[in-house]
Amino acid sequence: MSSTTNGSRVRVLSVTKSTGGLSHYNTELCKRLDRDRFDVHVICLSDNNVAYAEKLQAMGIGATPMDMERYAISMTSDLRLFNELRSFLKENDYDVVIGHGSKAGFLVRVLERFTDTPAIYALASMSFVPRIHGRKAHVYRQLERMGAFAGGHIVTVAYATRDALLEHNITKPEGVTAIHTGIDIDKFTPTLSQADAK
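These notes cover the structure that comes with them.

All right, on to the environment of tyrosine 159 then. Secondary-structure assignment places tyrosine 159 in helix 7 (residues 159-167). Contacts of tyrosine 159, omitting those with residues within four sequence positions, involve Ala178 and His180.

This next bit is on the side chain of serine 77. Examined against the element boundaries, serine 77 turns out to sit in helix 3 (residues 75-91). By relative accessible area, serine 77 is classed as buried at 15%. Apart from the residues lying within four places of it in its own chain, the contact partners of serine 77 are Met68 and Glu69.

Okay, the pattern of salt bridges next. Tallied over the full model, the rule gives eight salt bridges. Here arginine 11 makes a salt bridge to aspartate 39, at a shortest N to O gap of 3.5 Å. With arginine 11 in strand 1 (residues 10-17) and aspartate 39 in strand 2 (residues 38-45), this residue pair connects regions lying 28 residues apart in the sequence. Of the residues examined, aspartate 39 reaches a relative accessible area of 26% and is grouped as partly exposed. The closest approach of N and O atoms between glutamate 28 and lysine 31, which form a salt bridge, is 3.3 Å. You can see glutamate 28 and its partner lysine 31 sitting in helix 1 (residues 20-32), three residues apart, about one turn around the helix. Residue class for lysine 31 comes out partly exposed when judged on its relative accessible area of 41%. Each of the salt bridges in this network shares a partner with another, and the network as a whole consists of Arg9, Arg11 and Asp39.

Rules and cut-offs
- Residues numbered from 1 in each chain as written.
- Predicted model: local features only at pLDDT ≥ 70, side-chain atom pairs only at ≥ 80, totals over all residues.
- Heavy atoms only, no water.
- Helix = DSSP H or I, 4+ residues; strand = E, 2+ residues; numbered from the N terminus.
- Contact = heavy atoms within 4.5 Å.
- Buried < 20%, exposed > 50% of the residue type's maximum accessible area, 1.4 Å probe, protein only.
- Salt bridge = Lys/Arg side-chain N within 4 Å of Asp/Glu carboxyl O.

Structure representation (C-alpha cells):
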C-alpha cells in the first residue's frame, strides 16, 4: 500500500551524483524537507558515492551508494545500474522517485514503466543545446526525447529552460514545470565591505 494512502509520510527516493552542484542541491533539499511529512532516501551515484552516503547518514538521512559511469554512456554499466535501481524500487515502497541530472533523470523515467513508481526528472543543465555540448547535443536531444516518451515529469528551475525543452520538441507543455529554486541570500552576503576588500 502506498504511504500516501495510509496516512503516513510521503516516501521519496532521490537519485543523484555525489559531487558538485547536484549533490549540494540534493543535500539542501533533503535537509529542508519536513520529516513529519516526508521520508527521504538517497541513491548516491558515481565519484565520492560512499563518502556522500556517509555524510547524509550522519545527518539522519537514509542513503545507499551505487556505482555509475559519470563521463560516458556505457551500455554495460548503465544497464547494471538500471537493474540495481529496479531491484531497489521493487524491494522498497516509494511514492515518488526524483532523478537529478540527465542520466539519473533518464533512468528513473524508464523505471516508471517497470515499477509504476511516479518519476520526476530534475533537469539541471541543457545538454541538448548545441551551444553547450556542440555536436553531442543532437545525441543528448534524442535521449531526452526518449526519456520524455518513457514517462515521468520534468522540473526545471527556470522558464527559459522549460521554453528550450518545448522549442526542441523534447516534451509537451504538460510534461514540464518550472519551479524556481529558493536561495538563502544571506549565504552570499559579503563579510567585508567594498572598501575593506580593496
